[in-house]
Amino acid sequence: MSQKKEDYSEENIANAEEIRRKIHEGTDDETKEILTRAKTLAQNILSDARHQAEKTKEDALSELEKKINLIKERIFSALNLEKKRIIMGEKSNFIEEVFSELANQAVSFRNQKDYPQFLEKTIVEATDVVDTANLEVFYSPLDEKLLNDSFIKKVKDSCRNKMNQEVTLKFTKSNFNDIGFMVQSLDGRLIYDARFTSRLNLMRDNIYMDLLRKL
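Conventions used here
Residues numbered from 1 in each chain as written. Predicted model: local features only at pLDDT ≥ 70, side-chain atom pairs only at ≥ 80, totals over all residues. Heavy atoms only, no water. Helix = DSSP H or I, 4+ residues; strand = E, 2+ residues; numbered from the N terminus. Buried < 20%, exposed > 50% of the residue type's maximum accessible area, 1.4 Å probe, protein only. Contact = heavy atoms within 4.5 Å. Areas by Shrake-Rupley, 256 points an atom, 1.4 Å probe, with all protein chains shown as cover. Polar contact = N/O pair within 3.5 Å; in protein donor to acceptor, adjacent residues only side chain to side chain. Expected span 1.5 Å × (residues − 1). Arc of directions from axis to C-beta.

Peer 1: Break down the overall build of the protein for me, with residues and values.
Peer 2: Counting its secondary structure elements, the protein contains four helices and four strands. Along its sequence from the N terminus, the protein presents helices and strands in the succession α-α-β-α-β-β-β-α. Each of the 215 residues in the protein was classed as buried or not, and the buried ones make up 22%. Partitioning the contacts of the protein with sequence separation of at least 6, the portion at a separation of at least 24 is 76%. As displayed, the protein has an accessible area near 16100 Å², and 54% of this comes from carbon and sulfur atoms.

Peer 1: Describe the environment of asparagine 148, naming the residues involved and giving the relevant values.
Peer 2: By the secondary structure assignment, asparagine 148 is in the loop between β1 (134-139) and α3 (149-163). Take asparagine 148: its relative accessible area is 38%, and that puts it in the partly exposed class. Engagement of the side chain of asparagine 148 in a polar contact is seen with the backbone nitrogen of phenylalanine 151, the distance being 2.8 Å.

Peer 1: Describe α3, listing the residues and the values that go with them.
Peer 2: The end-to-end C-alpha separation of α3 is 21 Å, in line with the 21 Å expected for 15 residues at 1.5 Å each. Looking at α3, one finds that the buried residues are Phe151, Ile152, Val155, Cys159 and Met163. Mapping the buried residues of α3 onto a view down its axis gives an arc of 95°, with all of them on the same face. Counted as exposed and oriented over 90 degrees from the buried face of α3: Asp149, Ser150, Lys153 and Asn161. Packed against the buried residues of α3 are α2 (115-130) and β2 (168-173). Measuring from the backbone nitrogen of serine 150 back to the side-chain oxygen at the start of α3 gives 3.3 Å, which picks out asparagine 148 as the cap. Immediately downstream of α3, the backbone of asparagine 164 shows phi near 60°, a positive value.

Here it is in structure tokens:
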């Protein structure tokens with residue numbers, strides 16, 4: 001009986017050891033599985049974090065690039081506008097220089113030998129515009145020396161031939177210095193401003209645009 005008890009006790013101990021071993025093995029396997037899952041989960045989390053970080057970085061870089069392009073477009077637009085403004089300014093300055101040179105040439109024209117012929121032509125032209133045989137001619141004091149009897153007779157003959165009738169011309173000194181005349185009917189109802197500056201001003205816009213296109 002005693003032997004049986006001892007054998008039974010040893011068997012129980014052996015069974016207990018086997019159970020403990022299996023428990024340990026099971027625990028180790030489960031622990032390994034848990035660790036594997038945890039490692040995989042950690043890797044997934046890190047991968048997602050890296051992916052999100054890359055996406056955030058790409059989004060930030062994309063947004064930054066958009067802002068940079070917008071700034072560049074604004075800068076280029078401003079530069080183009082400034083360039084156009086400078087070019088237009090230079091063109092305008094050049095055209096103003098042209099008009100200034102025209103004015104200078106007009107002043108010097110007074111001393112040219114063709115100037116009396118120009119004055120004569122201006123008065124004859126005025127007879128067509130005013131359409132009357134009785135004219136009052138306003139002249140510059142600077143031209144007074146040219147308006148001698150010979151000149152006046154020549155102008156009257158030219159006007160008579162133009163209108164096929166006698167013409168009355170009254171010459172009146174005015175206070176302008178421009179070349180040319182102001183001619184009006186004796187009753188003052190019709191007037192023809194044939195001064196150079198007045199004519200140039202009438203044509204100024206057309207001349208300006210024509211020069212601008214050519215430039």
